[in-house]
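Structure at a glance
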Amino acid sequence: MTDDTALQRVKFYQTGTRTVGNRLLTEDDRTVQASMGRSNAITSGHRACQGCGEALGARYALDAAMRAADGRLVAVNATGCLEVFTTPFPETSWQIPWLHSVFGNAPAVATGVAAGLRMRGKTDVRVVAQGGDGGTTDIGFGCLSGMFERNDDVLYICYDNEAYMNTGVQRSSATPPTARTATTPALGDAPGNVFGTGKNMPRIAMAHNIPYVATASVSDLHDLEAKVTRAMGICGARYIHVFVPCPLGWGSASENTVLIARLAVECGLFPLFEAEHGDVVSVGKIRRRVPVDDYLRLQRRFAHLFRKGAEDRQRIEAIQRMADANITRYGLVDAEDDQ
Amino acid sequence: MMKQIEGSQGIAEAVALCRPQVVCAYPITPQTHIVEGVGAMVKAGALQHCEFINVESEFAALSVAIGASAVGARAYTATASQGLLFMAEAVYNAAGLGLPIVMTVGNRAIGAPINIWNDHSDSMALKDAGWIQLYAETNQEAADLHIQAFRLAEELSCPVMVCVDGFILTHAFERIEIPTQPQVDAYLPPFAPVQQLDVDNPYSIGAMVGPEAFTEVRYLGHQKQIEALDVIPRIAAEFEAAFGRASGGLVRPYRVEGAETVVVALGSVNGTIKDVIDAVRDAGAAIGSITISSFRPFPLAELHGLLAGAARVVCVEKSLAPGLGGVLASNVRMALRGMAVPVYTVIAGLGGRPITRASLADVFHLAADDKLDDVTFLDLNHAVIAQQLALADRDRHSGPIAENLLKALNPGLVRAKPQDERPKP
Ligand SMILES: Cc1ncc(C[n+]2csc(CCOP(=O)(O)OP(=O)(O)O)c2C)c(N)n1
Ligand code: SF4
Ligand SMILES: [Mg+2]
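Residues numbered from 1 in each chain as written. Chains lettered and ligands numbered in written order. Predicted model: local features only at pLDDT ≥ 70, side-chain atom pairs only at ≥ 80, totals over all residues. Heavy atoms only, no water.

It is worth spelling out the overall build of chain A at this point. The number of helices and strands found in chain A is 12 helices and 10 strands. In terms of overall dimensions, chain A is globule-like: its C-alpha atoms have a radius of gyration of 19 Å, near the 20 Å expected for 339 residues. Within chain A, the proportion of its 339 residues that are buried is 58%. For chain A, the share of sequence-separated contacts (at least 6 apart) that also reach a separation of at least 24 residues comes to 72%. As presented, chain A carries roughly 13,600 Å² of accessible surface, and 52% of it is formed by carbon and sulfur atoms. In chain A, 36 positive and 37 negative side-chain charges are present, and the distance between their average locations comes to 3 Å. (Helix = DSSP H or I, 4+ residues; strand = E, 2+ residues; numbered from the N terminus. Rg over C-alpha atoms; globule rule 2.2 N^0.38 Å. Buried < 20%, exposed > 50% of the residue type's maximum accessible area, 1.4 Å probe, protein only. Contact = heavy atoms within 4.5 Å. Areas by Shrake-Rupley, 256 points an atom, 1.4 Å probe, with all protein chains shown as cover. Lys, Arg positive; Asp, Glu negative; His and termini not counted. Charge placed at Lys NZ, Arg CZ, Asp CG, Glu CD.)

Right, dumping it as structure tokens:
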């Protein structure tokens, strides 16, 4: 770490919501990000859009991983927004050793990094691999499954913004039903993405029986840091799937990134949980349940569901049923709290 | 120690002597025995400080090697055919990043039609990916080239592909001299990377480069190959001094003095070519040959010098550039700039078709009289082709070509469907 980054002034990220602010917590309980000792793994000056959830998530995740690894961390990156907005040469936001190879091979490259480090006796250095939803659930899926299956000592973090953002917002297998993307336009009888498709990567990761799988959201950065920290305390293949709104791709206001992420959790569409060796071991309870409408309305990618005088209640209800199913499946709402 | 072993085992033992630290394996014939051999040595403890990783695809195999190499570990993998194409994106990437990975290609045809036998379509498809490409002529050379390849790769920070004819070399049992560990250790110093992911000196590798420097990056990749034209003969000479036998280098001429016809080829077919040359030389023909050991970098100057007195060149090549002819011939023509020397292409051995001495003698004879076509397909079955063309003319729905050809070759093996049973188009 260079001197100027160590001296960089601590900024507090304003959450503007019902979360407990860092300042009310004891030093030890504050976020890694709130500490003077944070590593600035991705330092300021990068080119992400204003309000980019991926930039926020990656920054918190990597600084937490850096603290857990005592600063001995190597990061591998798939092609995608994170890779592009943190570079190009000669500029780089990465304060840690960082490698980008191609789009679909980050998990395999990370396997190689981990093996190479072991063979060179650098057993204290840890490895994080990261990619967007497209790089993870589609093109890198084979390599990721291989890395999981071999239980390689890699923490893989997926930043899920539910589409191929870097190439201009195309559908991926993480794009939700009805969402408008450049390849699922809001046209025709059933505008946007169709129902009944897509894959649930955290559950697929769990099916590999790897030691640790978690979902996290930039709406709860404390929780994200805690999960990264837990993951870093474990050896073997670990997977964290982080929900990261993309103002550009979702057609949302940049100041709403954290709010939208919170609404996704509170409506049940994005369940927060942890799993060990294939079994769910903890869930993030919903404190204040909201209808999916609240979440959907803030995003232009769902605007066709809310046309004036022609609200598409049928499809909104179908999305509500998906949220309800998650709430039931993971027990996200305690019976007495259910409103 | 002299051993009577399979070519693949010889390669595996040579690779192990190079002390690789990460070896990735994915099965594909005819390369599989090589990684199996290395894997067995790791498992038995004969090869220590090496991680042998069974991956889920060739794309992963080379990607794992990329990651390992980027932290300064010596990395090796092997593949062939469909596997090489499956990892193509990573092949370019490894070269672009300047990672000195060594990879064996057990040369095999590419489908469709799927075919497991030898030709050079696979490595030729990736000849311009930025890797150094060496072609082995014998099993001894196949083993030796791997030891040289690690030296070369690490000295230049450039990946090296060692191309070994599938089955013909990989599966043949021959006498191979396997050097001792101290010998190899003395020849191949530990890997000292020029770049590595290091927590004590962090930097980014593989970030985007725009038009302002991309050409320069590529130029330096080209320069590295040009530099290899000096390094390859040097390390081959050092190899000869250390191990007592000649292997590798850029080119190997055979009886080219006074030769009017010079045959040029890559790989194991040179053995057959030399036999034919011996026979027809004795009968009075002025013919010689050149084995190209390094196809990338391409030894333009050496060929230019060796072919200066030739009246014609015949390239015997195991790959086809459809719509053009021969890849090797096009490259050889570059070496003949300013010389009015015809270069004939003989496409031979595709999909494992045997290249016989008799057939080679025939084309060399035609060449000597300048009666050879520009592009000749050795032992092409004209009758079967005529049959297929006639069928296609008669019937719009003539069906899969490959099946038709095999039916024509095996009349009576498959009962022909009566006309009215055929599905209507
Ligand atoms: C093999 C290959 N195919 C396609 C691309 C083009 N490409 C680069 S980034 C990208 C989108 C990345 O989407 P995602 O992984 O979801 O990350 P995001 O940009 O959304 O963060 C695509 C399609 C590529 N670089 N390589
Ligand atoms: S397009 Fe989306 S993911 Fe990419 S930088 Fe902008 S906000 Fe972030
Ligand atoms: Mg995405």
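Having seen the model, we can carry on.
Here we come to the pairing of strand β1 (residues 73-77) of chain A. Along a regular strand, successive side chains alternate from one face of the sheet to the other. Residue and element names in this part refer to chain A. Buried residues dominate β1, accounting for five of its five residues. Of the two faces of β1, both are covered, the one formed by Leu73, Ala75 and Asn77 as well as the one formed by Val74 and Val76. Taken together, the five bridges between β1 and strand β3 (residues 126-132) define a ladder with parallel strand orientation. For Val76, the partnering residue across the bridge sits in β3 and is Ala129. In this sheet, strand β2 (residues 98-100) lies alongside β1 in parallel orientation, the contact comprising three bridges. Its bridge partner being in β2, Ala75 is matched across the sheet by Trp98. (Pairing = 2+ DSSP bridges.)

With that settled, consider the confidence of the model for chain A. Of the residues in chain A, 92% reach a pLDDT of 70 or more, and the chain-wide mean stands at 93. Within chain A, helix α1 (residues 3-6) of chain A has the poorest average pLDDT of any element, 48, and strand β6 (residues 238-243) of chain A the best, 99. (pLDDT = per-residue confidence, 0-100.)

The immediate surroundings of ligand 1 are formed by 17 residues, with Glu54, Cys81, Gly134, Gly135 and Met165 of chain A found nearest. At the site occupied by ligand 1, the surrounding residues belong to chains A and B. At a separation of 2.9 Å, an oxygen atom of ligand 1 approaches a polar backbone atom of Cys81 of chain A. A distance of 3.0 Å is found between an oxygen atom of ligand 1 and a backbone nitrogen or oxygen belonging to Asn166 of chain A. Calculation on ligand 1 without its partners gives an accessible area of 590 Å², and the protein chains cover 77% of this total. It is helix α5 (residues 133-138) of chain A that contributes the most residues to the shell around ligand 1, three residues altogether. Residues that form the shell around ligand 1 fall into these classes: six nonpolar, eight polar and three charged. (Near = heavy atom within 4 Å. Polar contact = N/O pair within 3.5 Å; in protein donor to acceptor, adjacent residues only side chain to side chain. Nonpolar A, V, L, I, M, F, W, Y, C, P; charged D, E, K, R; others polar.)

We now examine the site of ligand 2. Taken together, Ala48, Cys49, Cys52, Cys81, Phe85, Asn161, Cys246, Pro247 and Leu248 of chain A form the complete shell of residues around ligand 2. Here the residues of the shell around ligand 2 are counted per class, giving eight nonpolar, one polar and no charged.

A few words on the coordination of the magnesium ion (ligand 3). Residue and element names in this part refer to chain A. Every protein donor of the magnesium ion (ligand 3) is accounted for by Asp133 (OD), Asn161 (OD1) and Ala163 (O), and the metal-donor separations fall at 2.0 to 2.1 Å. All donors of the magnesium ion (ligand 3) belong to a single chain; written as a sequence motif, their spacing is D-x27-N-x1-A. Note that Asp133 is positioned in helix α5 and Asn161 in the loop between β4 (155-160) and α7 (201-207), a separation of 28 residues in sequence. Owing to a relative accessible area of 5%, Asn161 belongs among the buried residues under this scheme. (Donors = N, O, S within 2.8 Å, 3.2 Å for Na, K, Ca; no water.)

Turning to the pattern of salt bridges, a few remarks are in order. Across all of its chains, the model carries 37 salt bridges over all chains by this definition. For Glu137 of chain B, the salt bridge is made with Arg252 of chain B, and the minimal N-O distance between the two is 3.0 Å. Linking Glu137 of chain B in the loop between β6 (132-135) and α7 (139-156) with Arg252 of chain B in strand β10 (residues 251-254), this pair joins segments that are 115 residues apart in sequence. You can call Glu137 of chain B buried: its relative accessible area is 9%. Taken together, the shared-partner salt bridges connect Asp293, Arg297, Glu311, Arg313 and Glu317 of chain A into one network. (Salt bridge = Lys/Arg side-chain N within 4 Å of Asp/Glu carboxyl O.)

Relative orientation and spacing of two packed helices are given, respectively, by the angle between their axes and the distance between those axes. Residues and elements named next belong to chain B. Between helix α1 (residues 7-17) and α7, the shortest axis-to-axis distance is 8 Å and the interhelical angle comes to 20°. Between α1 and α7, the crossing angle belongs to the class labelled roughly parallel. Between α1 and α7 lies a crossing of right-handed hand. Every residue of α7 that contacts α1 at Gly7, Gly10, Ile11, Ala14 and Val15 is listed here: Asn139, Ala142, Ala143, His146 and Ile147. Taken together, the residues that form the contact of α1 with α7 break down as six nonpolar, four polar and no charged. (Axes fitted to C-alpha atoms, helices over the stretch in contact; angles between N-to-C directions. Parallel < 35°, antiparallel > 145°, perpendicular 65-115°, else oblique. Left-handed = near helix turned anticlockwise from the far one by under 90°.)

Once that is clear, we can look at the packing of aromatic side chains. Residue and element names in this part refer to chain B. Evaluation of the coordinates by the stated rule reveals 16 aromatic pairs over all chains. Relative to Phe295, the ring of Tyr135 has its centre 6.2 Å away and its plane inclined at 90°; by these criteria the two rings are edge-to-face. Of this pair, Tyr135 sits in strand β6 while Phe295 sits in strand β13 (residues 294-296), placing them 160 residues apart in sequence. If you follow Arg151 out to its NZ or CZ, it ends over the ring of Tyr187, 4.8 Å from the centre. Against the face of Tyr254 rests Lys274, its NZ or CZ located 5.5 Å from the ring centre. (Phe/Tyr/Trp six-rings, centres within 6.5 Å; stacked < 30°, edge-to-face > 60°. Lys NZ or Arg CZ within 6 Å of the ring centre and 35° of its normal.)

The nine strands are arranged β8(A)-β7(A)-β5(A)-β6(A)-β4(A)-β3(A)-β1(A)-β2(A)-β9(B) in an open sheet whose pairing can be described as mixed. The sheet terminates laterally at β8 (279-283) of chain A together with β9 (204-205) of chain B, the two strands that pair on one side only.

The residue after Thr87 of chain A, namely Pro88 of chain A, is reached through a cis peptide bond having omega 15°. Looking at the secondary structure, you find Pro88 of chain A in the loop between α3 (81-85) and β2. Note the cis peptide between Phe89 of chain A and Pro90 of chain A, where omega equals 5°. Here Pro90 of chain A lies in the loop between α3 and β2. A positive phi is found at Ser157 of chain B, a non-glycine position, where the angle reads about 55°. Relative to the helices and strands, Ser157 of chain B is located in the loop between α7 and β7 (160-165).

Residues and elements named next belong to chain B. The two faces of β6 match: Ile132 and Leu134 on one face and Gln133 and Tyr135 on the other face are all buried. Bridge count for β6 against β7 is four bridges, and the pairing is parallel. Of the residues in β7, the one forming a bridge with Gln133 is Met161. After leaving β6, the chain enters α7 and then returns to the sheet as β7, a path that is right-handed. Pairing of β6 with β13, which is carried by two bridges, proceeds in the antiparallel orientation. (Right-handed = clockwise from strand over helix to strand, strands pointing away.)

Now for the nonpolar core. Residues Val113 and Tyr239 of chain A together with Val91, Trp131 and Val332 of chain B are the most contacted members of the largest nonpolar core, which totals 149 residues. Both domains that furnish three or more residues to this core are identified here as domain 1 (2-243) and domain 2 (251-377) of chain B. In this structure, Val91 of chain B is in contact with Leu62, Leu84, Met103, Leu126, Ala129, Trp131 and Met161 of chain B, ignoring residues within four places of it in sequence. Ala58, Cys246 and Leu305 of chain A together with Ala207 of chain B belong to the second-largest nonpolar core, a separate cluster that totals 66 residues. (Core = buried A, V, L, I, M, F, W, Y, C linked by side-chain atoms within 4.5 Å. Domains from an automatic or database assignment.)

Before going further, it helps to spend a moment on the confidence of the model for chain B. Residue-level pLDDT values for chain B average 96, and 98% of them are 70 or greater. Scoring of the predicted complex yields 0.95 for pTM and 0.95 for ipTM.

For the rest of this paragraph, the subject is a nonpolar patch on the surface. Nonpolar side chains collect at one region of the surface, where Leu320, Leu350, Phe377, Leu380, Ile385 and Leu389 of chain B lie side by side and expose about 450 Å² of accessible area between them. Relative to the helices and strands, Leu350 of chain B is located in the loop between β15 (343-347) and α13 (357-368). (Patch = residues over 30% accessible without salt bridge, like charges linked within 9 Å, V, L, I, M, F, W, Y side chains within 5 Å.)

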